[in-house]
Amino acid sequence: MQKIKSTESKNSQEESFTEYVKNIYDNSLDMIGSGNLEGFFTAINPAFERILGYSGEELLAKPFLDFVYEEDFEEIKNALMAAASGKETINIKNRYKCKDGSVKWIDWRVHCIVHDNQFIAVGRDITENKKVEIDLKESEKRFRILFNTMTVGVAIVDTNGNVLMANKADCDALGYSEEELIGMHFTEFTHPDDLQLDVELYTELIEE
């Protein structure tokens, strides 16, 4: 009788754990799914539908390459080849085409089970982060263009006085390339007559 109770208790614990895992799977903000090396998803959680806008039936009926942004095909194919050759864990970022015509960036963590021809993947929507990253790169590009077209020599130094950036006008005036100036201390190319004043001004600026 005691053995029966023990078995019932164990079964109950296993059922509770299974239900707990299912709740995580169903309610995760990240996309969690499984697929095969033929290029099809075999199971997906509700986050797939919420993020991409397709029904589960639509996502499972077609190869996942049908939903991937064309420019990212090669990366997906390389990941599948890596999985087929025995690589167990793969991290890739690619774009997926949503049903409404928009594009989402997904950061994937993929665990491959090669002997079963299967993989388990967790995908996080990083679209907003990528937008910020792209905007920052564009902003830096615009700044660099403006910086280098200034007719006045300008150098940007860190709090230790070492050069981080120098524009073309500054390089031309000093006779150094920017690569040579980066890392130099500003006192190394300051005229001796101006050195004390520049150091005082720099010290005041740092102390403010």
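Anyway, here's the lowdown on the structure attached to this text. (Residues numbered from 1 in each chain as written. Predicted model: local features only at pLDDT ≥ 70, side-chain atom pairs only at ≥ 80, totals over all residues. Heavy atoms only, no water.)

What about the layout of surface pockets?
- Of the pockets and cavities examined, the largest pocket occupies roughly 190 Å³.
- Along its surface, the largest pocket is lined by Val157, Phe186, Phe189, Thr190, Asp198, Leu201, Tyr202 and Leu205.
- Per-element accounting of the lining of the largest pocket gives the leading share, four residues, to helix α8 (residues 192–207).
- Looking at the lining of the largest pocket residue by residue, the classes come out as six nonpolar, one polar and one charged. (1 Å grid on protein atoms, 1.4 Å probe; cavity = no way out; pocket = protein on both sides within 12 Å on 5 of 7 lines; lining within 4 Å. Points joined across faces, edges and corners; volume = space filled by probe spheres on them. Helix = DSSP H or I, 4+ residues; strand = E, 2+ residues; numbered from the N terminus. Nonpolar A, V, L, I, M, F, W, Y, C, P; charged D, E, K, R; others polar.)

Overview of the packing of aromatic side chains
- Across all of its chains, the model carries nine aromatic pairs by this definition.
- A centroid spacing of 5.1 Å and a plane angle of 50° characterise the contact between Phe41 and Phe64, whose relative ring orientation is tilted. With a gap of 23 residues between them, Phe41 in strand β2 (residues 41–44) and Phe64 in the loop between α3 (56–61) and α4 (73–84) connect regions that are remote in the sequence. Across the pair, exposure class does not vary: Phe41 and Phe64 are buried alike.
- Plain terms: the ring middles of Tyr54 and Phe67 are 4.8 Å apart, the flat faces sit at 65° to each other, and that makes the pair edge-to-face. Linking Tyr54 in the loop between α2 (46–52) and α3 with Phe67 in the loop between α3 and α4, this pair joins segments that are 13 residues apart in sequence.
- Owing to a relative accessible area of 15%, Tyr54 belongs among the buried residues under this scheme.
- Within the aromatic cluster, the residues linked to one another by ring pairs are Phe41, Phe48, Phe64, Tyr96, Trp108 and Phe119. (Phe/Tyr/Trp six-rings, centres within 6.5 Å; stacked < 30°, edge-to-face > 60°. Buried < 20%, exposed > 50% of the residue type's maximum accessible area, 1.4 Å probe, protein only.)

Digging into the side chain of Ser34
- Summarising the element assignment, Ser34 is placed in strand β1 (residues 31–36).
- Judged by relative accessible area, Ser34 falls into the buried class, the value being 17%.
- Leaving out residues up to four positions away in the same chain, Ser34 has contacts with Phe41, Thr42, Ala43, Gln118, Phe119 and Ile120. (Contact = heavy atoms within 4.5 Å.)

Description of a nonpolar patch on the surface
- A cluster of nonpolar side chains, namely Phe143, Ile156 and Leu164, defines an oily patch on the protein surface of about 250 Å² accessible area.
- Among the structural elements, Leu164 can be located in strand β7 (residues 163–166). (Patch = residues over 30% accessible without salt bridge, like charges linked within 9 Å, V, L, I, M, F, W, Y side chains within 5 Å. Areas by Shrake-Rupley, 256 points an atom, 1.4 Å probe, with all protein chains shown as cover. Salt bridge = Lys/Arg side-chain N within 4 Å of Asp/Glu carboxyl O.)

Regarding empty space enclosed by the protein
- Evaluated as defined, the whole model comprises one cavity of 30 Å³ or more.
- Considered as a void within the structure, the largest cavity measures approximately 170 Å³ in volume.
- If you go around the largest cavity, you meet 16 residues; those closest to its centre are Phe64, Leu80, Ile92, Val110 and Phe119.
- Elements supplying a minimum of two residues to the lining of the largest cavity: α4, β3 (89–97), β4 (103–113) and β5 (118–125).
- Tallied by class, residues from the lining of the largest cavity come to 15 nonpolar, one polar and no charged.

A look at the nonpolar core
- Met31, Phe48, Leu52, Tyr96 and Trp108 are the most contacted members of the largest nonpolar core, which totals 27 residues.
- Contributing elements (two or more residues each) for this core: β2, α2, α4, β3, β4 and β5.
- Setting aside residues up to four positions removed in sequence, Trp108 forms contacts with Met31, Phe41, Phe48, Ile90, Asn91, Ile92, Asn94, Tyr96, Ala121, Val122 and Gly123. (Core = buried A, V, L, I, M, F, W, Y, C linked by side-chain atoms within 4.5 Å.)

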